[in-house]
Amino acid sequence: MEDRLQMANGLIPQKIVSVHLQDSALKELEDQATSKPAHALQPSPDPAADPEPEPEPDTGRMECPGDGAPGSEPAQEGDRGEGCLELCHLHLSSCHECLELENSTIESVKFASAENIPDLPYDPSGGVEGVAEATRPESEGRRANITGKAPNILIYVGSDSQEALDRFQQVRSVLADCVGPDSYTLYLLSGESARRDPWTDNCLLLVLATRGSVPKDLHQKFMAYLSQGGKVLGLSSSFTFAGFQVTSKDALRETVQDLVFSRADRSQVKLSVLSSGCVYEEGPGERLGLGGLQGHLENEDKDRLIVQVPFGTHGGEAVLCQVHLELPPTSPVVQAEDFDLLKSSNVQRYEVLKEILTTLGLSCDIGQVPALTPLHLLVAAEEIRDPLLQWLGKQAGPGGVIKSSKLSLQFVASCTSEVEVTPAALPVVTDTTAFSSEHFSLEIYRQHLQTQRLGKVVLFAEVASTTMDLLDGLMFEMPQEMGLIAIAVRQTQGKGRGRNAWLSPVGCAPCTLLVRVPLRSPLGQRIPFVQHLMSLAVVEAVRSLPGYQDINLRVKWPNDIYYSDLMKIGGVLVNSTLMEETFYILIGCGFNVTNSNPTICINDLILAYNREHGAGLEPLRPDCLIARAVTTLERLIDRFQDGGPNAVLPLYYRYWAHSAQQVRLGSAEGPKAWIVGLDDSGFLQVDREDGQVVTVHPDGNSFDMLRNLIVPKSQ
């Protein structure tokens, strides 16, 4: 602890150990404390003293006396750790540092030193208000997502019947036609997942497209989501609230009707629509004020088929429709004689749907999905070019082709635009004399890559389906000193954890790196640490640059890169294969460098920092940061192999977003626990309310791995 902690009478502690006291010992200590109260050190006067940290009693706790007070108050009844008494106060030489460490844990404290005290403790009250506006580049215009939530559109269709799944595909297809492929991902929300998983914090829009009734418990969850500021789109669904009720009119069912739709600016669109056979009518109970979007039929009753209903005080709102906006004119439910009418209004159907989506906060600026491009074989060091080409000449089959289970790579000196490029068959151009890219500079990459092994051979594509597949045919055979990395400017089918998609617009630095790790090595015995090391490498690549050390980029367990603890900025995906005594590990990584959408990017943080501090930090480039991240990763791996987890955890804890963070075990209503660090295998350790420190694992939900953590049965 570098002599930075002191007790009364100048005593210097050597270590902090948590102990479990039996009831008899606890009673004895309590009696002693009652007869002879502990004496606290007097604080030194400081006009700019920090506020007193909230008490958090524990048997292994550090204490700093409250500034301006003679001592600390005892734990209040009901506080965590009831019955634990303060018998000796530990005091850090600086009260400011003590306050920061108070919000950390003993597990984190044991790594604290003058160089790595966490400078930004976890703030559970942090929000995103004002963040997006402050960080948006002036040239970007409107951001597609200013909430900080994951850019997910969740679609609930009720049951898991084939009819419901077909309906999901219909809804997903029409929404995908309206929103940008680089801005949002669309997922099915099953009833089980809606009840169990933490989806509300990871959802920009909830689409309710079930024709059956919504179960009462789910209706309550959907209303809770609305009350928290959520956005809901109802498509021919029975879901309603706020004094409206859905009334069936058989005469309208699956018939073509004339609709008058009022936009937010009060202009109108007239179109032919396929009615669901239901209308919205005012029912008993309190009715909320309506928004500007409305749609009614041009009939005598002016039946109301579209309503916009704001809800709550946090910006929640729903647009409810009894019009089949999700069905194309070619749908089987459309009668032959109605096809022409619906087809003539198809453009207006999309206009109405985009107006609704835009009102609900989504961006409908659609860019065309780019075509795949050939790969380019680049080297970071010229001395390995000739050995690389000789090796390829021996490995390639007829026509210069190397095949794998996922694709075939054809190595050619040059490639014309007439050559077909598919996800399964990719030409690889080996002559780099004419190589150039607007978004990737080989010279900048070379300048910042300072490795012995990793990232030396680059497979580069302007557009790839996913970089995770590009190394498949080479990873097991290529010599280790020719470290492989695949880099793309864009991906059309980026992969996330599980079945999640990964949005990959220009500027997000997608890459996949090959790393070999011996099985019988410290890291080989703790492979889960690989994802932690890669996340840490990305953060360190930025924050180790002179002047950039205060850019608030952090690691979130287990595989995410975050702005503070507010918004995701990148992620890591690791696939490992064990062959004989070696792990062949593909580390997929993507982090937003220059792209402000779909969430936020590193250059946004730099811009905000410059504005706040009057600094002049230059924006960063993906090619530079990829090279720096790979360089940092190699150093972290070497450090881990020499000293195990303790050799890298001090740096990891400096940048992580979880110091003293409270989580729930099992479910959102489960018992509380406090994160204390990582165990020897890289899993989270938490301190439960009963004082027991246990390892926890994710429950498998695809939204947030920190939610619903489970304790393995073996514990």
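Report on the accompanying structure. From a predicted model like this one, the values you see are computed outputs, not experimental measurements.

Looking at the pattern of salt bridges
Here is step 1 of the chain: This structure, assessed with the given rule, holds 21 salt bridges.
Here is step 2 of the chain: Note that Lys 231 is salt-bridged to Glu 317, the shortest N-O span being 3.2 Å. Taken together, the residues span a long stretch of sequence, with Lys 231 in strand β6 (residues 231-235) and Glu 317 in strand β13 (residues 316-321) at a distance of 86 residues. Comparing Lys 231 with Glu 317, the two get one shared label, buried.

Here we look at helix α5 (residues 162-178)
Here is step 1 of the chain: Across its 17 residues, α5 extends 25 Å between first and last C-alpha, which sits within 8% of the 24 Å expected from 1.5 Å per residue.
Here is step 2 of the chain: Of all the positions in α5, only Ala 164, Arg 167, Phe 168, Val 171, Val 174, Leu 175 and Cys 178 are classed as buried. Taken around the axis of α5, the buried residues stretch over an arc of 140°, which confines them to a single face.
Here is step 3 of the chain: Looking at the buried side of α5, the elements it contacts are β3 (152-156), β4 (185-188), β5 (205-208), β6 and α9 (346-359).

Comments concerning the sheet that holds strand β17 (residues 425-429)
Here is step 1 of the chain: Taken together, 11 strands build an open sheet; the order of strands is β15-β16-β17-β14-β18-β19-β20-β24-β23-β22-β21 and the sheet is mixed. Both edges of this open sheet fall to β15 (401-403) and β21 (553-556), since each of them pairs with a single strand only. Pairs of neighbouring strands in the sheet enclose a mean axial angle of 25°, with direction left out of account.
Here is step 2 of the chain: In terms of strand pairing, strand β16 (residues 408-412) meets β17 through five bridges, oriented parallel. What sits directly across from Phe 411, in β17, is Val 428.
Here is step 3 of the chain: Across the sheet, helix α12 (residues 529-543) touches β21, β22 (560-563), β23 (567-579) and β24 (582-591), and the angle it forms with β21 is around 175°.

Topic: the packing of aromatic side chains
Two measures describe an aromatic ring pair: the distance that separates the ring centres and the angle between the ring planes.
Here is step 1 of the chain: Here the structure, examined in full by the defined rule, presents 14 aromatic pairs.
Here is step 2 of the chain: Look at Phe 241 and Phe 311: their rings are 5.4 Å apart centre to centre, the planes differ by 85°, and that puts the pair in the edge-to-face class. Taken together, the residues Phe 241 in the loop between β6 and β7 (244-248) and Phe 311 in strand β12 (residues 304-311) connect sequence positions 70 residues apart.
Here is step 3 of the chain: Using a relative accessible area of 22% as the deciding quantity, one classes Phe 311 as partly exposed.
Here is step 4 of the chain: Judged by centre distance (5.1 Å) and plane angle (75°), the ring pair of Phe 476 and Tyr 584 falls under edge-to-face. In this pair, Phe 476 is assigned in the loop between β18 (457-464) and β19 (484-491) and Tyr 584 in strand β24, connecting sequence segments 108 residues apart.
Here is step 5 of the chain: Taking the relative accessible area as the measure of exposure, Tyr 584 reaches 13% and is therefore buried.

A closer look at the pairing of β18
Here is step 1 of the chain: The buried fraction of β18 is high, at seven of eight residues.
Here is step 2 of the chain: Bridge count for strand β14 (residues 375-379) against β18 is five bridges, and the pairing is antiparallel. By the bridge assignment for β18, Leu 378 is matched with Val 458.

Considering α9
Here is step 1 of the chain: Between its first and last C-alpha atoms α9 spans 20 Å; for 14 residues at 1.5 Å apiece the expected length is 20 Å, and the two agree.
Here is step 2 of the chain: Where α9 is concerned, the buried positions are Asn 346, Arg 349, Val 352, Leu 353, Ile 356 and Leu 357. Angular distribution of buried residues about the axis of α9 spans 130°; they occupy a single face of the element.
Here is step 3 of the chain: In the segment just after α9, Gly 361 is the residue with positive phi, at about 100°.

Things to note about the pairing of strand β27 (residues 684-688)
Here is step 1 of the chain: Counted residue by residue, β27 has four buried out of five residues, so it is predominantly covered.
Here is step 2 of the chain: Between strand β26 (residues 672-678) and β27, which follow one another and run antiparallel, lie five residues, and Gly 682 among them has a positive phi close to 100°.
Here is step 3 of the chain: Examined bridge by bridge, β27 and strand β28 (residues 693-696) share four bridges and lie antiparallel to one another. Residue pairing in the sheet places Asp 687 in a bridge with Val 693 of β28.
Here is step 4 of the chain: Between β27 and the antiparallel strand that follows it, β28, lie four residues; Gly 691 among them carries a positive phi value of about 90°.

Digging into the packing of α12 against helix α14 (residues 622-643)
Here is step 1 of the chain: Two elements in contact, α12 and α14, have axes separated by 8 Å at closest approach and are oriented at 130°. Between α12 and α14, the angle is such that the two are oblique. Crossing geometry of α12 relative to α14 is assigned as right-handed. Contacts between α12 and α14 involve Phe 529, Leu 533, Met 534, Leu 536, Ala 537, Val 538, Glu 540, Ala 541 and Val 542 from the first element and Leu 625, Arg 628, Ala 629, Thr 632, Leu 633, Leu 636, Ile 637 and Phe 640 from the second.

Thoughts on the nonpolar core
Here is step 1 of the chain: The biggest cluster of nonpolar side chains holds 81 residues, and the ones touching the most others in it are Tyr 445, Ile 602 and Leu 633.
Here is step 2 of the chain: In terms of residue count, α12 provides more of this core than any other element does, 10 residues in total.
Here is step 3 of the chain: Per-domain counts for this core show at least three residues from each of domain 2 (375-655) and domain 3 (662-712).
Here is step 4 of the chain: Setting aside anything within four residues of it in sequence, one finds Tyr 445 in contact with Ala 380, Phe 440, Gly 455, Val 458, Ile 485, Ile 487, Asp 623, Ile 626 and Ala 627.
Here is step 5 of the chain: One finds Val 157, Leu 297, Leu 325 and Ile 356 within the second-largest nonpolar core, a separate group that totals 40 residues.

Parameters and conventions
Residues numbered from 1 in each chain as written. Predicted model: local features only at pLDDT ≥ 70, side-chain atom pairs only at ≥ 80, totals over all residues. Heavy atoms only, no water. Salt bridge = Lys/Arg side-chain N within 4 Å of Asp/Glu carboxyl O. Helix = DSSP H or I, 4+ residues; strand = E, 2+ residues; numbered from the N terminus. Buried < 20%, exposed > 50% of the residue type's maximum accessible area, 1.4 Å probe, protein only. Expected span 1.5 Å × (residues − 1). Arc of directions from axis to C-beta. Contact = heavy atoms within 4.5 Å. Pairing = 2+ DSSP bridges. Axes fitted to C-alpha atoms, helices over the stretch in contact; angles between N-to-C directions. Phe/Tyr/Trp six-rings, centres within 6.5 Å; stacked < 30°, edge-to-face > 60°. Parallel < 35°, antiparallel > 145°, perpendicular 65-115°, else oblique. Left-handed = near helix turned anticlockwise from the far one by under 90°. Core = buried A, V, L, I, M, F, W, Y, C linked by side-chain atoms within 4.5 Å. Domains from an automatic or database assignment.

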